[in-house]
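Chains, contacts and geometry: an overview
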Amino acid sequence: MSENRPPPVVLIVEDNEMNRDMLSRRLQRKGYGILIAVDGGQGVEMAHANKPDLILMDMSLPVKDGWTATKELKQHPDTKHIPVIALTAHAMAGDRENALSAGCDDYDTKPIELPRLIEKITLLTWAL
Ligand code: MN
C-alpha cells in the first residue's frame, strides 16, 4: 500500500455475520477502510452513496444476489468503474464464468486466504 495516499476503502457485501466480521477485522488490521452491507440491495445503495475503491461481493445474498447487484452496478455510469471481486462459498463449475460475465473484475473462493485476496485487492486498486 502506498504511503502517500489514503488507504483504499473496501465495501464488504456479505450476509454471513461471522465472515463479515472476520474479513472486516483482518482488512482493517491491514489498514483498509471498511464499509459493510448485509445484502445485495444495501450493497448497491452503499456503492452509490459512498463510492468505495473496491467491492468484495458475496454471490449468495438475500434481497438481491451478488450477480444481480454487480450487473446493476456495472450498468450504471456512477458505479461501473468500481472494481468488484466476487466471493463464493464453493468453487462450483461455472461460478467464475458467471461472476465475470456479470461484470466482476476478479473472483475468489471461501474460505478466504487473506494474502491471496489482498494481492487481488492491491492489483485492482493500484491505479487509483
Ligand atoms: Mn452469502
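Bear in mind the structure is a predicted one, so any value in this text is a computation, not a measurement. (Residues numbered from 1 in each chain as written. Predicted model: local features only at pLDDT ≥ 70, side-chain atom pairs only at ≥ 80, totals over all residues. Heavy atoms only, no water.)

We now examine the overall build of the protein chain. The helix and strand inventory of the protein chain stands at five helices and five strands. Traced from its N-terminal end to its C-terminal end, the protein chain shows the element sequence β-α-β-α-β-α-β-α-β-α. For a compact globule of 128 residues, the expected C-alpha radius of gyration is about 14 Å, and the protein chain comes in at 13 Å, within 12% of that figure. The burial tally for the protein chain puts 45% of its 128 residues in the buried class. (Helix = DSSP H or I, 4+ residues; strand = E, 2+ residues; numbered from the N terminus. Rg over C-alpha atoms; globule rule 2.2 N^0.38 Å. Buried < 20%, exposed > 50% of the residue type's maximum accessible area, 1.4 Å probe, protein only.)

The amide bond that connects lysine 110 to the next residue, proline 111, takes the cis arrangement and shows omega of 0 degrees. Of note, proline 111 is situated in the loop between strand S5 (106-109) and helix H5 (114-125). With phi around 70 degrees, valine 63 is a residue other than glycine that occupies positive phi space. Note that valine 63 resides in the loop between strand S3 (54-58) and helix H3 (66-75).

Attention now moves to the coordination of the manganese ion. Every protein donor of the manganese ion is accounted for by Asp15 (OD), Asp58 (OD) and Ser60 (O), and the metal-donor separations fall at 2.0 to 2.2 Å. Of the residues examined, serine 60 reaches a relative accessible area of 54% and is grouped as exposed. (Donors = N, O, S within 2.8 Å, 3.2 Å for Na, K, Ca; no water.)

Glancing now at the sheet that holds S3. The parallel open sheet is built from five strands, whose spatial order is S2-S1-S3-S4-S5. Of all the strands in the sheet, just strand S2 (33-37) and S5 have a single pairing partner and so form its edges. In this sheet, adjacent strand axes meet at a mean angle of 20 degrees when their direction is disregarded. Bridging between strand S1 (residues 9-13) and S3 involves four bridges; their strand directions are parallel. Directly across from valine 10, in S3, lies its bridge partner leucine 54. (Pairing = 2+ DSSP bridges. Axes fitted to C-alpha atoms, helices over the stretch in contact; angles between N-to-C directions.)

Here we come to the nonpolar core. Counting 18 residues, the largest nonpolar core has Leu11, Val13, Ile55, Met57, Leu73, Ala86 and Cys104 as the members making the most contacts within it. Those elements giving two or more residues to this core turn out to be S1, helix H2 (40-50), S3, H3 and strand S4 (84-88). For this core, the leading source of residues is H2, giving three residues. Counting residues in hydrophobic clusters, the runner-up holds 15 residues, among them Leu23, Leu27, Tyr32 and Leu87. (Core = buried A, V, L, I, M, F, W, Y, C linked by side-chain atoms within 4.5 Å.)

It is worth spelling out the side chain of aspartate 108 at this point. For aspartate 108, the location among the structural elements is in strand S5. A polar contact of 2.8 Å, which involves the side chain of aspartate 108, links it to the side chain of arginine 116. Those residues in contact with aspartate 108, other than ones at most four positions away along the chain, are Ile85, Ala86, Leu87, Thr88, Arg116, Leu117 and Lys120. (Polar contact = N/O pair within 3.5 Å; in protein donor to acceptor, adjacent residues only side chain to side chain. Contact = heavy atoms within 4.5 Å.)

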